[in-house]
Amino acid sequence: MYVMHNSEYPLSCFALFENGPCLIADTNFDVLMVKLKGFFQSAKASKIETRGTRYQYCDFLVKVGTVTMGPSARGISVEVEYGPCVVASDCWSLLLEFLQSFLGSHTPGPPTVFGNRHDAVYGPADTMIQYMELFNKIRKQQQVPVAGIR
Amino acid sequence: MSGVRAVRISIESACEKQVQEVGLDGTETYLQPLSMSQNLARLAQRIDFSQGSGSEEDEAAGPDGDAQDWAGAGAEQDDEEGLVKFQPSLWPWDSVRNNLRSALTEMCVLYDVLSIVRDKKFMTLDPVSQDALPPKQSPQTLQLISKKKSLAGAAQILLKGAERLTKSVTENQENKLQRDFNSELLRLRQHWKLRKVGDKILGDLSYRSAGSLFPHHGTFEVIKNTDIDLDKKIPEDYCPLDVQIPSDLEGSAYIKVSIQKQAPDIGDLGTVNLFKRPLPKSKPGSPHWQTKLEAAQNVLLCKEIFAQLSREAVQIKSQIPHIVVKNQIISQPFPSLQLSISLCHSSNDKKSQKCATEKPGPEDHLYVLEHNLHLLIREFHKQTLSSIVMPHPASAPFGHKRMRLSGPQAFDKNEINSIQSTEGLLEKIIKQAKHIFLRSRTAATIDSLASRIEDPQIQAHWSNINDVYESSVKVLITSQGYEQICKSIQLQLNIGVEQVRVVHRDGRVITLSHQEQELQDFLLSQMSQHQVHAVQQLAKVMGWQVLSFSNHVGLGPIESIGNASAITVASPSGDYAISVRNGPESGSKIMVQFPRNQCKDLPKSDVLQDSKWSHLRGPFKEVQWNKMEGRNFVYKMELLMSALSPCLL
């Protein structure tokens, strides 16, 4: 189980399982996990975070950050969010065009969260799932820093 | 009597038994007749043993038949005290016979009198002469008399009751000085919350129950006033109970908000003179503990306001930081303007009262803002008790109830900001102070212009209904005497917190900053434009033709404020034309164009062969406007126009 925080939602805490449910909770959830320390072990004590600047261009929100694990930097993350649309399948093409304008050949394919349910409403949990997948990917790659783009 | 036939009288005995009750179906229940011993007991009761034999006025009230004669007769005849003899009756019908005989006597007498009166020889009946009373009145007088009697009886009762009440009231007055600790405590309890802790009585004068979150305890103690000497005279304002307020709430306090023009010296900060205002007068009937407690509560509220303001002054980042020194907060809402909020608290020591008191200047203390501060802190109190906040789960902190959902529903920063009110007390009060200052400065600017410049006239109509952050004024620029024609310059000024927004009649919206020079320049340029607009309207009225009109001409000397405007009008016959150029700084310049045949110094040439060309307008000549007759510009213009339009004779 992964516990994640996002500065975009400052008062929330996300708890994720891979391919499983995602819980959105209050920040007291961390305190709760500390209290439950006796019942499970925190794996590896490796904390990944991405930290950077947030740019707002009309309806687009672009966040570029450096992914660090401990003291070492592992990669760069770019997040693009299109504010007005909540249905994923409607705006994927627009997002793709926007990404192509500055990423060129590095533009990724459609994210897997879109895959199964095209017309479902997108929520913050989906963002966290994408981050989780990205971090796992980066964790698996050892020393060589690779730009992981979402 | 002897010749009269004997009258038969039939006698029947009364029913033996008295009816006790009649049942619903008509059956009668009889009282059992008294037995011998009961009868004897009844008779014995009627004997008055206290009467001696010598009393003559011994007739018992109301003849009742058998026993009364015996008792009365027995008492009269007896010489010894206390002995009663029964005189046995001869036969039971004795009294009946006597009564009947006396009745007979009376009837015979009456018969004799009536028979004599009937003859009218020896006795006549005459009616008593009296005034004929209308028959209705006599029952009325009777009613009146009976009513008087009954009212007198009721009045007696009421007077007795009133006497009793006045007696008790006077008693109360006397006892007032010796009144009870408990009754005074009851009075105290009607105004303040009290609780008993151990053997002490404590009270609460904080605003905590009204929603305040200030950490002061605000408890006062109620003590019995036992230093009274019963031998000496009790003083007038003696009160058996006394309150002891916390030492830091003694005296009285107020918050002073003032705006000063010059920036202070750094060394002068924090040296605000404490305390000038005299104590507010308490209501005449209120006891001394009430005034004391109210003053202490006011001190507590002022402390809370100041604590909140200073906390915000330190925490909130603003472009020009606020300075908090001792009991004063200084901020700069506008450059070269300083707003100072200070807490003036004086205790009731004799030392501080000896300090020289200086009179606060009229500009100095903004009472409106002080009042608004009190209102704002009360608003803040009410918010903690509003239905948005209460009721709340025991584990949740104080706050808007939607904030509890912000975690589980992953609110982002925009949504969080929309829930929370971001403005604190200090920001609000600074905004209000800025608005007040801007409004007074705008008013001063308009007034100074109006008094300085007479032509055209400037009128300001201030709106009565204002907001704390916005006021509005309508400014009209007119010429005296021509208000109906020349009304094209009408400005609506909306004075906000930092800017003044001007809406022109022609739809332009201009935003001016807080500098007063901008507003002044703008108004001056509008005044010069007004003159030219006035000429345009006047031309319409007088029948002159407008040849050209420009609000911002590009010719001639450059103005430092705004632009010059110009207009050219031609007379109805076309002979003359007037050209006007008016600028805010350069003033007005008026030229008249004459027809060619009126100018003598034109060079003759062979090009113009026809004489009709001499009727065209030719050169311009300037008018000496200051020598022109007329009260104001438009009047002079009207005279000029009428002078140049010849009358048809």
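Residues numbered from 1 in each chain as written. Chains lettered and ligands numbered in written order. Predicted model: local features only at pLDDT ≥ 70, side-chain atom pairs only at ≥ 80, totals over all residues. Heavy atoms only, no water.

Caption draft 1: Structural view of the overall build of chain B. The secondary structure content of chain B amounts to 12 helices and 20 strands. Counting over 649 residues, chain B shows a buried share of 32%. Here the contacts in chain B between residues at least 6 apart in sequence split such that 57% fall between residues at least 24 apart. (Helix = DSSP H or I, 4+ residues; strand = E, 2+ residues; numbered from the N terminus. Buried < 20%, exposed > 50% of the residue type's maximum accessible area, 1.4 Å probe, protein only. Contact = heavy atoms within 4.5 Å.)

Caption draft 2: Representation of the environment of B:Asn298 in the model. Residues and elements named next belong to chain B. The topology assignment puts Asn298 in helix α6 (residues 288-315). As a C-alpha pair, Asn298 and Tyr254 span 44 residues in sequence and 7.9 Å in three-dimensional space. Excluding residues that lie within four positions of it along the chain, Asn298 makes contacts with Ala253 and His374.

Caption draft 3: Representation of the confidence of the model for chain B in the model. Residue and element names in this part refer to chain B. With 83% of its residues at a pLDDT of 70 or more, chain B shows a mean pLDDT of 81. With pLDDT under 50 throughout, residues 350-362 is counted as low confidence; its partners more than four residues away or in other chains account for six contacts. Scoring the predicted complex yields pTM 0.64 and, for the interface, ipTM 0.78. (pLDDT = per-residue confidence, 0-100.)

Caption draft 4: How the structure looks around the nonpolar core. All names here are of chain B. With 49 residues, the main nonpolar core has Leu188, Leu205, Phe220, Val222, Ile255, Ile341 and Leu373 as its most contacted residues. Looking at this core, the elements that each hand over two or more residues are α5 (181-191), β5 (219-224), β6 (241-244), β7 (252-260), α6, β10 (338-346), α8 (367-385) and α10 (425-452). At 11 residues, α6 tops the list of elements feeding residues into this core. Each of two domains, domain 1 (192-263 + 288-348) and domain 2 (428-516), supplies a minimum of three residues to this core. Beyond its immediate sequence surroundings of up to four residues, Val222 is in contact with Leu185, Leu188, Leu194, Ile201, Leu241, Asp242 and Val243. Of all hydrophobic cores here, the second largest spans 25 residues; its members include Val580, Phe594, Val623 and Val634. (Core = buried A, V, L, I, M, F, W, Y, C linked by side-chain atoms within 4.5 Å. Domains from an automatic or database assignment.)

Caption draft 5: Molecular detail of the sheet that holds strand β1 (residues 2-4) of chain A. Residue and element names in this part refer to chain A. In spatial order, the strands read β1-β2-β3; together these three strands make up an open sheet with antiparallel pairing. Each of the sheet's edge strands pairs with one partner strand only, and the pair in question is β1 and β3 (22-26). Pairwise comparison of adjacent strand axes, ignoring direction, gives a mean angle of 25° for this sheet. Relative to strand β2 (residues 12-16), β1 runs antiparallel, the two being bridged by three bridges. Counterpart to Met4 in the pairing with β2 is Phe14. Against the sheet, helix α1 (residues 28-35) makes contact with β1, β2 and β3, and its axis sits at roughly 105° relative to β3, the strand it touches most. Across the face of the sheet, helix α4 (residues 124-140) comes into contact with β1, β2 and β3 while running at roughly 115° to β1. (Pairing = 2+ DSSP bridges. Axes fitted to C-alpha atoms, helices over the stretch in contact; angles between N-to-C directions.)

Caption draft 6: Spatial organisation of unusual backbone geometry. In this model, B:Asp455 is joined to B:Pro456 through a cis peptide bond whose omega is 0°. With respect to the element layout, B:Pro456 can be found in the loop between α10 and β11 (457-462). The phi dihedral of A:Cys58 falls on the positive side, at around 50°, and the residue is not glycine. In this fold, A:Cys58 is placed in the loop between β4 (48-57) and β5 (60-69).

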